[in-house]
Amino acid sequence: MKLVGVLLLISYVCVYVCIGICDAKCEIRCGKAGRKDRCLKYCGICCKACKCVPSGTYGNKSECPCYRDKLSSKGTPKCP
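What you see is a predicted model, and the numbers here were worked out from it, not measured in a lab.

Describe the overall build of the chain, listing the residues and the values that go with them.
Regarding its fold elements, the chain presents three helices and zero strands. Reading the chain from its N end, one meets helices and strands in the order α-α-α. The buried share of the chain, reckoned over its 80 residues, is 20%. Long-range pairs, those at least 24 residues apart, make up 38% of the contacts in the chain between residues at least 6 apart in sequence. Only carbon and sulfur atoms are counted for the fraction: they give 64% of the accessible area of the chain, which is about 5,800 Å².

Can you explain the state of the cysteines? Please cite residues and give values.
Here, the word disulfide means a covalent bond between the sulfur atoms of two cysteines. On inspection of all chains with the given rule, the structure shows six disulfides. Covalently, Cys50 is tied to Cys66 through a disulfide, its sulfur atoms 2.1 Å apart. The S-S bond linking Cys50 to Cys66 shows a torsion near -70°; that makes this disulfide left-handed. Of this pair, Cys50 sits in helix 2 (residues 36-50) while Cys66 sits in helix 3 (residues 65-69), and the two are 16 residues apart along the sequence. Relative accessible area serves as the criterion here: at 12%, Cys50 is assigned to the buried category. Going through the chain in sequence order and numbering each bonded cysteine, the pairs you get are 1-7, 2-5, 3-4, 6-12, 8-11, 9-10.

Summarise the side chain of Arg29; cite the residues concerned and give the values.
For Arg29, the location among the structural elements is in helix 1 (residues 2-29). Here Arg29 is buried and forms no salt bridge, its nearest opposite-charge partner Glu63 lying at an N-O distance of 6.5 Å. Here Ser55 takes part through its backbone oxygen, which lies 3.1 Å from a polar atom of the side chain of Arg29. Side-chain polar atoms of Arg29 contact the backbone oxygen of Pro80, separated by 3.2 Å. Apart from residues no more than four positions distant in its own chain, Arg29 is found in contact with Cys43, Val53, Pro54, Ser55, Gly56, Thr57, Tyr58, Gly59, Lys61, Tyr67 and Pro80.

Residues and numbers for the environment of Asp69, please.
Mapped onto the elements, Asp69 comes out in helix 3. According to the relative accessible area criterion, Asp69 is partly exposed, its value standing at 47%. Put simply, Asp69 and Cys79 are 10 residues apart on the chain and 8.5 Å apart in space, counted from C-alpha to C-alpha.

Rules used throughout
Residues numbered from 1 in each chain as written. Predicted model: local features only at pLDDT ≥ 70, side-chain atom pairs only at ≥ 80, totals over all residues. Heavy atoms only, no water. Helix = DSSP H or I, 4+ residues; strand = E, 2+ residues; numbered from the N terminus. Buried < 20%, exposed > 50% of the residue type's maximum accessible area, 1.4 Å probe, protein only. Contact = heavy atoms within 4.5 Å. Areas by Shrake-Rupley, 256 points an atom, 1.4 Å probe, with all protein chains shown as cover. Disulfide = S-S within 2.5 Å. Lys, Arg positive; Asp, Glu negative; His and termini not counted. Salt bridge = Lys/Arg side-chain N within 4 Å of Asp/Glu carboxyl O. Polar contact = N/O pair within 3.5 Å; in protein donor to acceptor, adjacent residues only side chain to side chain.

In structure tokens, the structure reads:
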């Protein structure tokens with residue numbers, strides 16, 4: 001029973017750490033975006049799903065194939 005509690009605590013902490021990491025990485029990624037609020041929203045969605053964000057403010061999507069390959073319902077790239 002204690003093991004289950006420890007695992008739940010670890011996953012709870014990871015959610016908050018992972019979200020913080022996504023926020024920080026997306027802040028950098030969207031630093032030069034014309035529509036920063038929209039960029040941060042979609043970058044955050046992609047980061048949480050893919051667990052990575054490419055470096056820099058543009059390009060470098062080869063660093064994170066999941067991020068690169070996510071598409072919107074219209075078939076366009078979802079992640080900024």
